[in-house]
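Breakdown of the fold
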Amino acid sequence: MADSSADTSAVPRNVDDVQEVTPWEVHAGEKGIDYQRLIEKFGSQRIDPSLLERIERLTKQTPHRFLRRGIFFSHRDMQQVLDNYETNKPFYLYTGRGPSSEAMHLGHLVPFIFTKHLQDVFDVPLVIQMTDDEKFLWKDLTLEEAHRLAYENAKDIIACGFDINKTFIFSDLDYMAQEPQFYRNVLRVRKCVTFNQVKGIFGLTDSDSTGKIAFPAVQAVPSFSNTFPQIFGDRADVFCLIPCAIDQVRLDQLLALL
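Residues numbered from 1 in each chain as written. Predicted model: local features only at pLDDT ≥ 70, side-chain atom pairs only at ≥ 80, totals over all residues. Heavy atoms only, no water.

Okay, the environment of Ile 39 next. Within the element layout of this structure, Ile 39 appears in helix 1 (residues 35–42). A relative accessible area of 5% means that Ile 39 is categorised as buried. Sequence separation between Ile 39 and Phe 73 is 34 residues, and the spatial gap between their C-alpha atoms is 8.9 Å. Excluding anything up to four places from it in sequence, Ile 39 contacts Ser 44, Gln 45, Arg 46, Phe 73, Ser 74 and Ile 246. (Helix = DSSP H or I, 4+ residues; strand = E, 2+ residues; numbered from the N terminus. Buried < 20%, exposed > 50% of the residue type's maximum accessible area, 1.4 Å probe, protein only. Contact = heavy atoms within 4.5 Å.)

Listed below in structure tokens is the structure:
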């Protein structure tokens, strides 16, 4: 076991070992991203051929090309989602967008293209969170501009062709003011998670604003079905599947604390 008090500042670091993936930046060594290391770091599981075979068997459709080509390469609890589907238990999809630009580019659309496929093959409800509040806190944007960009980006998302009868797209700035259950769930999450836990999971520091420290709870609560009483009534037990980039698995780490 290494001595944590040892001075390692003079030890050169292999450039191939330098790898950092966060919601804000990506650093990789000369060989590029080591996806196995990412899986181990974030505590997910690799999507293997047996999982793809089960998806194909249950949905009677070929798995999406993003799965077959390894663009979506890991998961957490997907087997439980498939168990629910196989036994006719409901689940829903949750994804989102932080609106910081006038329009979305192809990279932004990748999770929405895949989510559209999941909604089609499983025939389930979908909620899409537009985190205009987050971008106000992290970017040099006024509250009004962040809100406007949420609506502009929503147009690009709608163009992906989601089921209009089973999709709810919402701005945090709007929905939290309209639905009391949203804020009640935010408070429940905040009471369960400490300042140090949020800092450790999301890489925040003592110099960050209290708004940033408090925000992760807002991103967490759409994974609770009773946040949307207009869709699920008072049911709090509907399972949620979240298609996202691996850096967003930090949200799963927060939920695991609850």
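With that settled, consider a nonpolar patch on the surface. On the surface, a nonpolar cluster with roughly 210 Å² of combined accessible area is contributed by Phe 136, Leu 143 and Leu 173. Relative to the assigned elements, Leu 173 resides in helix 8 (residues 172–178). Exposure remark for Leu 173: the relative accessible area of 30% places this residue in the partly exposed category. (Patch = residues over 30% accessible without salt bridge, like charges linked within 9 Å, V, L, I, M, F, W, Y side chains within 5 Å. Areas by Shrake-Rupley, 256 points an atom, 1.4 Å probe, with all protein chains shown as cover. Salt bridge = Lys/Arg side-chain N within 4 Å of Asp/Glu carboxyl O.)

Attention now goes to the sheet that holds strand 8 (residues 239–241). The sheet built from 4 strands is open, its strands ordered 7-6-5-8 with parallel pairing. Whereas interior strands pair on both sides, the edge strands pair on one side only; in this sheet they are strand 7 (167–171) and strand 8. Ignoring which end each strand starts from, the neighbouring axes of this sheet average 25° apart. The pairing of strand 5 (residues 91–97) with strand 6 (residues 126–130) spans 5 bridges and is parallel. Paired with Tyr 94 across the two strands is Val 127, which belongs to strand 6. Sitting on the sheet, helix 7 (residues 143–158) touches strand 5, strand 6 and strand 7, and the angle it makes with strand 6 is about 145°. (Pairing = 2+ DSSP bridges. Axes fitted to C-alpha atoms, helices over the stretch in contact; angles between N-to-C directions.)

For Lys 212, the location among the structural elements is in helix 11 (residues 210–220). Overall, Lys 212 belongs to the buried group, its relative accessible area being 16%. Those residues in contact with Lys 212 that lie beyond four places of it in its chain are Leu 137, Trp 138 and Leu 204.

Quick look at the pattern of salt bridges now. Taken as a whole, this structure holds 13 salt bridges when the rule is applied. The shortest N-O distance in the salt bridge between Asp 123 and Lys 166 comes to 2.6 Å. Highlighted residues: Asp 123 in the loop between helix 5 (106–122) and strand 6 and Lys 166 in the loop between helix 7 and strand 7, separated in sequence by 43 residues. Where Arg 148 meets Glu 145, a salt bridge forms, and the shortest distance between an N and an O atom there is 2.9 Å. With Arg 148 and Glu 145 both in helix 7, this residue pair falls 3 residues apart, about one helical turn. Overall, the relative accessible area of 31% leaves Arg 148 in the partly exposed class.

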